[in-house]
Amino acid sequence: MTTILTACPAPAKLNLFLHVTGRRPDGYHLLQSAFQLIDRCDTLDFAVRDDGRIIRTNEVLGVPAESDLVIRAAHLLRDAAGRPELGADITVHKVLPMGGGVGGGSSDAATTLLVLNHLWKCGYNRASLMEMGLKLGADVPFFLFGRNAFAEGVGEELSVLRTADCWYVVIEPGVSVPTSIIFSSKLLTRDTQPVRITDFPDATKQVASSFGKNDLEMVATAHFPEVAAAVEWLGKFGNARMTGSGACVFCAFEHEHQADEVLKTLPSRWIGWKAKAMQEHPLAHLVQS
Ligand SMILES: C[C@](O)(CO)[C@H](O)COP(=O)(O)OP(=O)(O)OC[C@H]1O[C@@H](n2ccc(N)nc2=O)[C@H](O)[C@@H]1O
Ligand SMILES: Nc1ncnc2c1ncn2[C@@H]1O[C@H](COP(=O)(O)OP(=O)(O)OP(=O)(O)O)[C@@H](O)[C@H]1O
């Protein structure tokens, strides 16, 4: 049996705002956030095997195959399905920065669950895959949800959120920020007052560019001066903000040419790119709701 799907997209996300509202007894933080899908993607190739082997076919710098969320996702799905004969060759083409706050690893894992559930004919629905995905990371359920979302809990309680069809400039400040360092910092405030989804009913540019704040930004900028410098530089052009636990910094623009103009003047020590807001995950159709 060979069944192949190539160039399967794993899009990035931006956290348009991210409030830390509390902490659970197990140490995990209670968050409120607006998750935005953007059209910058890793891509993955899948070829089904029938000998029970799950193999990553290429090297990914800094991520050994056995700890790759892609490989862990494939094992999780196969174990849940109870079908030890299932296997796959998986190639991961990384574009998204690691420790960038754009959710690359989580998105790769979500794409793996979506595609292998389809190729292996496991028959799980979206809710079941989301439950499985949460075991891999707090952001995985969002990518399986497939729409832009208002997230609560540790990121797993999701409701559909309409957001602006704008362009984003994203700067990679050249540092990798470990999420756990940010959440364990003494500097982190954990008492932002909860907001309600009705506070931003029609999802406008207000949500995109100026609603709320990112509570993790203060901690990340204190530990990583390059993140602070990127926020300051991009802040000359609009409301610049960090995504997730960093390190990437973004700013919204109504038109593509505005993003192009900003990127022309980007200091050469940073990588920067533009991306368009997406309303739906490109593989959302692969699974039954
Ligand atoms: C901050 C966000 O980027 C927002 O999108 C995510 O919630 C982080 O998700 P992630 O990178 O997938 O993080 P995970 O691998 O789930 O967690 C990494 C570490 O961050 C801390 N962590 C994470 C999420 C959360 N709600 N509270 C936490 O305290 C925990 O110490 C955890 O061990
Ligand atoms: N397929 C993968 N791609 C990227 N990182 C992976 C992958 N598998 C495991 N990891 C590990 O996960 C860590 C975080 O990677 P990721 O790209 O998801 O960070 P992030 O963008 O900061 O995520 P988030 O916004 O969810 O905090 C990496 O440093 C790496 O060690």
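Please read these numbers as outputs of a predicted model, since none were measured by experiment. Throughout this description, residue numbers start from 1 for each chain and increase along the sequence as written. Written order determines the labels here, with chains lettered from A and ligands numbered from 1. Only residues with pLDDT of at least 70 get local features here, since the model is predicted, and only at 80 or more are side-chain atom pairs given and counted; chain-wide, interface and lining totals rely on the full set of residues.

Caption draft 1: Spatial organisation of the overall build of the protein. A run of H or I in DSSP becomes a helix once it reaches four residues, and a run of E becomes a strand once it reaches two; helices and strands are each numbered from the N terminus. A tally of regular secondary structure across the protein gives nine helices and ten strands. A compact globule built from 289 residues would reach a C-alpha radius of gyration of about 19 Å, and the protein, at 19 Å, matches this within 12%. Along the first, second and third principal axes, the C-alpha atoms of the protein reach 55 × 40 × 35 Å. Contact criterion: two residues are in contact if their C-beta atoms, reconstructed from the backbone, are within 7 Å. When contacts within the protein are restricted to residue pairs at least 6 apart in sequence, long-range pairs at least 24 apart make up 75% of them. We take the radius of gyration over the C-alpha atoms and set the globule estimate at 2.2 Å times the residue count to the 0.38 power.

Caption draft 2: View of the nonpolar core. Residues Leu113, Tyr168, Val169 and Val249 are the most contacted members of the largest nonpolar core, which totals 81 residues. Counting contributing residues, this core receives three or more from each of domain 1 (4–161) and domain 2 (167–278). The residues contacting Leu113, other than those within four sequence positions of it, are Ala73, Leu77, Leu129, Met132, Gly133 and Leu144. By our criterion, buried Ala, Val, Leu, Ile, Met, Phe, Trp, Tyr and Cys residues that link up through C-beta atoms within 7 Å make up a nonpolar core. A residue is called partly exposed when the number of other C-beta atoms within 10 Å of its own lies between 12 and 20, exposed at 12 or fewer, and buried at 20 or more, with C-beta atoms placed from the backbone. Where each domain starts and ends follows an automatic or database-derived domain assignment.

Caption draft 3: Structural detail: the site of ligand 1. Taken together, 18 residues form the shell around ligand 1, and within it His29, Gly137, Ala138, Val154 and Gly244 come nearest. At the level of secondary structure, the elements contributing two or more residues to the shell around ligand 1 comprise strand 1 (4–23), strand 2 (29–49) and helix 5 (179–183). As a working rule, the residues Ala, Val, Leu, Ile, Met, Phe, Trp, Tyr, Cys and Pro are called nonpolar, Asp, Glu, Lys and Arg charged, and the rest polar, with Gly in that last group. Looking at the shell around ligand 1 residue by residue, the class counts come to six nonpolar, eleven polar and one charged. Shared between two domains, the shell around ligand 1 holds at least three residues of each, these being domain 1 (4–161) and domain 2 (167–278). Being near a molecule or strand means, for a residue, that its C-beta atom, positioned from the backbone, comes within 6 Å of it.

Caption draft 4: Main features of the domain arrangement of the protein. Here the protein is partitioned into domain 1 (4–161) and domain 2 (167–278). Its C-alpha centre places domain 1 at a distance of 22 Å from the equivalent point of domain 2. Contact with domain 1, which involves 29 residues of that partner, is made by 35 residues of domain 2. Every element with two or more residues in the side of domain 1 that touches domain 2 is listed here: strand 1 and strand 2.

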